[in-house]
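Each chain is listed here by its residues.
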Amino acid sequence: MAPPQLVQLYRELQQTFTSGNLQQTGVLLTRLKIALTEAGLLVPLGNADPQDLVVARDILEVGAFWSIRTKDIPSFDRYFSQLQTFYNDFSSVLPPSPREYPLRGLNLIRLLTQNRIADFHTTLESLPLRADALTGNPYIAHPINLEQWLMEGSYSKVWNAREEAPAEEYKFFVDSLMGTIRNEIASCEETAYDSLPLKDAATLLFFKNQSELLTFAQQRGWQVDLTAGKITFAKKTEEKVEIPKEKLILANLQYARELEQIV
């Protein structure tokens, strides 16, 4: 059985996380990871008590969700990596977790935000679900659709997917995806146009209001004329490459002399 102190901290964690106190949740998670390590449950062995394993899994799952809510992606990576032992190695002895597929789906979207498309497909293929069941699971279907729309360039569908997210945490990653998409669109605009009306620029970049657009324009170094209602894009000056003519001529002459000697 798990030590009484660990069980007590676990109960406190459940209450604190449910109440939305993220700061105290982080404090409890740190203490619980130490307690799990001391109890041999952070990296469990095959003879561990199944009830203790469920407690350890729950703690790590809370940690993964807490990481997303605090926007700490490296922390999410660590928690999700530690959960793989419970999801894969102990799946036959533990009851299914209602948090497992929400977290697996979040991990898939994380891979999309990092443009790790090959890892996305490898992870998708390794899921313990039949191929025809993937799209039937809303937590897995959501990242599958996102990846398809990204490949198609259907950015409006990616934007609308934020409101269709199966869990609140998914919106964080969709927002991150939209940040990447906006930068790609902005680069195209800078190349294709000298300027654009503010309204058109906001529509193309999926901004809901002008203040968001102005903040983005400042980050990109665009000139904004509120009176004329337009944005002028900063053109990147082409760098002139100096060709070392004299060095090239001398090198060619030397090469020619060497050829003559060979002949």
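Residues numbered from 1 in each chain as written. Predicted model: local features only at pLDDT ≥ 70, side-chain atom pairs only at ≥ 80, totals over all residues. Heavy atoms only, no water.

This brings us to the packing of aromatic side chains. Scanning the entire structure with this criterion turns up 9 aromatic pairs. Ring centres of F76 and F173 lie 6.2 Å apart, and the angle between their planes is 65°; on these two criteria the pair is classed as edge-to-face. Residue F76 is found in helix α4 (residues 73-89), and its partner F173 is found in helix α10 (residues 170-192); the two are separated by 97 residues along the sequence. Residue F76 shares its accessibility class with F173, and that shared class is buried. Each ring, one from Y139 and one from Y170, has its centre 6.3 Å from the other, and the planes form 45°; the classification is tilted. On the criterion of sequence distance, the pair formed by Y139 in helix α8 (residues 138-152) and Y170 in helix α10 is long-range, its members being 31 residues apart. The class of Y139 is partly exposed, set by a relative accessible area of 24%. A relative accessible area of 0% places Y170 in the buried class. (Phe/Tyr/Trp six-rings, centres within 6.5 Å; stacked < 30°, edge-to-face > 60°. Helix = DSSP H or I, 4+ residues; strand = E, 2+ residues; numbered from the N terminus. Buried < 20%, exposed > 50% of the residue type's maximum accessible area, 1.4 Å probe, protein only.)

Turning our eyes to something else, we now look at the pattern of salt bridges. Applying the stated rule across the entire model yields 10 salt bridges. Here E169 and R69 are joined by a salt bridge, their closest N and O atoms 2.7 Å apart. Pair noted here: E169 is in the loop between α9 (155-161) and α10 and R69 is in helix α3 (residues 50-69), with a separation of 100 residues, a long-range link. With relative accessibility at 8%, the residue E169 sits in the buried group. For the salt bridge of R162 with D175, the shortest nitrogen-to-oxygen distance reads 2.6 Å. Here the residue R162 occupies a position in the loop between α9 and α10, and D175 occupies one in helix α10, the gap between them amounting to 13 residues. Through salt bridges with shared partners, a single ionic network connects R162, E163 and D175. (Salt bridge = Lys/Arg side-chain N within 4 Å of Asp/Glu carboxyl O.)

Our focus in this paragraph is the nonpolar core. Core analysis: the biggest nonpolar cluster contains 74 residues, and I59, L103 and L146 have the highest contact counts within it. Broken down by element, this core gets its largest block of residues, 10 residues, from α3. Ignoring any residue separated from it by four or fewer positions in sequence, one finds I59 in contact with L6, Y10, L13, L29, L32 and L36. (Core = buried A, V, L, I, M, F, W, Y, C linked by side-chain atoms within 4.5 Å. Contact = heavy atoms within 4.5 Å.)

Glancing now at unusual backbone geometry. For K71, which is not a glycine, the phi torsion comes out positive at approximately 60°. If you trace the backbone, K71 turns up in the loop between α3 and α4. Its identity as a non-glycine residue notwithstanding, F206 has a phi of 60°, on the positive side. Structurally, F206 is set in the loop between α11 (198-204) and α12 (210-220).

This brings us to the sheet that holds strand β1 (residues 195-197). Here 3 strands make up an open sheet; going across it, the order is β1-β3-β2 and the pairing antiparallel. On the outer flanks of this sheet lie β1 and β2 (223-225), each paired with one strand and no other. Along the sheet, successive strands turn relative to each other by an average axial angle of 20°, direction set aside. Here 3 bridges tie β2 to strand β3 (residues 230-232), and the two strands are oriented antiparallel to one another. Within β3, the residue paired with D225 across the bridge is K230. (Pairing = 2+ DSSP bridges. Axes fitted to C-alpha atoms, helices over the stretch in contact; angles between N-to-C directions.)

What follows concerns the packing of α4 against helix α5 (residues 100-113). Between α4 and α5, whose axes approach to 11 Å, the crossing angle comes to 135°. With respect to each other, α4 and α5 are oriented oblique. α4 and α5 meet at a crossing whose hand is left-handed. The segment α4 lies against α5, with I73, F76, D77, F80, L83, Q84, Y87 and N88 engaging E100, L103, R104, L106, N107 and R110. Residue composition of the contact of α4 with α5, grouped by class: 7 nonpolar, 3 polar and 4 charged. (Parallel < 35°, antiparallel > 145°, perpendicular 65-115°, else oblique. Left-handed = near helix turned anticlockwise from the far one by under 90°. Nonpolar A, V, L, I, M, F, W, Y, C, P; charged D, E, K, R; others polar.)

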